[in-house]
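Observations on the model geometry
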Amino acid sequence: MARRFDLHAEPPPLPRRWTDPVPAILAGSAVWVAVAVVLGVLAALGVRPLDAWFVAALIGVGLGAVGLVVLALQRRAIRRGVKGAQKL
């Protein structure tokens, strides 16, 4: 007897660990911090000057921080029950 699948059924939700953006943001920010540290050490040793790559690394860290703040604000709005809050 063949199984029949309901093509209109809702798929099961993904596990929270697969949908949570915080670990990805933290990992990306950690990479940018490491790049900034390496470039800063190389500049202190006189191997290379601080250039656009160092600035890009600092901006990457800053954007990661902005992303975490936005997520925190969204989660707070969801907890408060704000009508227009995005569901995460």
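In this report, the structure presented in the accompanying data block is examined. None of the values given here were measured: they were computed from a predicted structure.

**So, the side chain of serine 29**
Structurally, serine 29 is set in helix 2 (residues 22-44). The class of serine 29 is buried, set by a relative accessible area of 12%. When residues no more than four places from it in sequence are discounted, the contact partners of serine 29 are Val61 and Gly64.

**A word on a nonpolar patch on the surface**
Taken together, Val33, Val37, Val41, Leu45 and Val47 make up a surface patch of nonpolar side chains, about 460 Å² in accessible area. Within the fold, valine 37 resides in helix 2. When its relative accessible area of 49% is taken as the criterion, valine 37 is described as partly exposed.

**A look at the packing of helix 2 against helix 3 (residues 52-80)**
Each packed pair of helices is defined by two parameters, the angle between the axes and the distance between the axes. Between helix 2 and helix 3, the least distance of the axes is 8 Å, while the angle of their chain directions is 155°. Overall, the two elements helix 2 and helix 3 adopt an arrangement that is roughly antiparallel. Relative to helix 3, helix 2 is oriented so that their crossing is left-handed. Mapping the contact onto sequence places Val22, Ile25, Leu26, Ser29, Trp32, Val33, Val35, Ala36, Leu39 and Gly40 in helix 2 and Trp53, Phe54, Ala56, Ala57, Leu58, Gly60, Val61, Gly64, Gly67, Leu68, Leu71 and Arg75 in helix 3. When its residues are assigned to classes, the contact of helix 2 with helix 3 shows 16 nonpolar, five polar and one charged.

**Side note on helix 2**
End to end, helix 2 covers 32 Å across 23 residues, agreeing with the expected 33 Å (1.5 Å per residue, within 8%). Val22, Ser29, Ala36 and Leu39 are the residues of helix 2 that are buried. Considering only its buried residues, helix 2 is in contact with helix 3. After helix 2 finishes, the residue glycine 46 shows a positive phi value of roughly 80°.

Thresholds, definitions, all that
Residues numbered from 1 in each chain as written. Predicted model: local features only at pLDDT ≥ 70, side-chain atom pairs only at ≥ 80, totals over all residues. Heavy atoms only, no water. Helix = DSSP H or I, 4+ residues; strand = E, 2+ residues; numbered from the N terminus. Buried < 20%, exposed > 50% of the residue type's maximum accessible area, 1.4 Å probe, protein only. Contact = heavy atoms within 4.5 Å. Patch = residues over 30% accessible without salt bridge, like charges linked within 9 Å, V, L, I, M, F, W, Y side chains within 5 Å. Areas by Shrake-Rupley, 256 points an atom, 1.4 Å probe, with all protein chains shown as cover. Salt bridge = Lys/Arg side-chain N within 4 Å of Asp/Glu carboxyl O. Axes fitted to C-alpha atoms, helices over the stretch in contact; angles between N-to-C directions. Parallel < 35°, antiparallel > 145°, perpendicular 65-115°, else oblique. Left-handed = near helix turned anticlockwise from the far one by under 90°. Nonpolar A, V, L, I, M, F, W, Y, C, P; charged D, E, K, R; others polar. Expected span 1.5 Å × (residues − 1).

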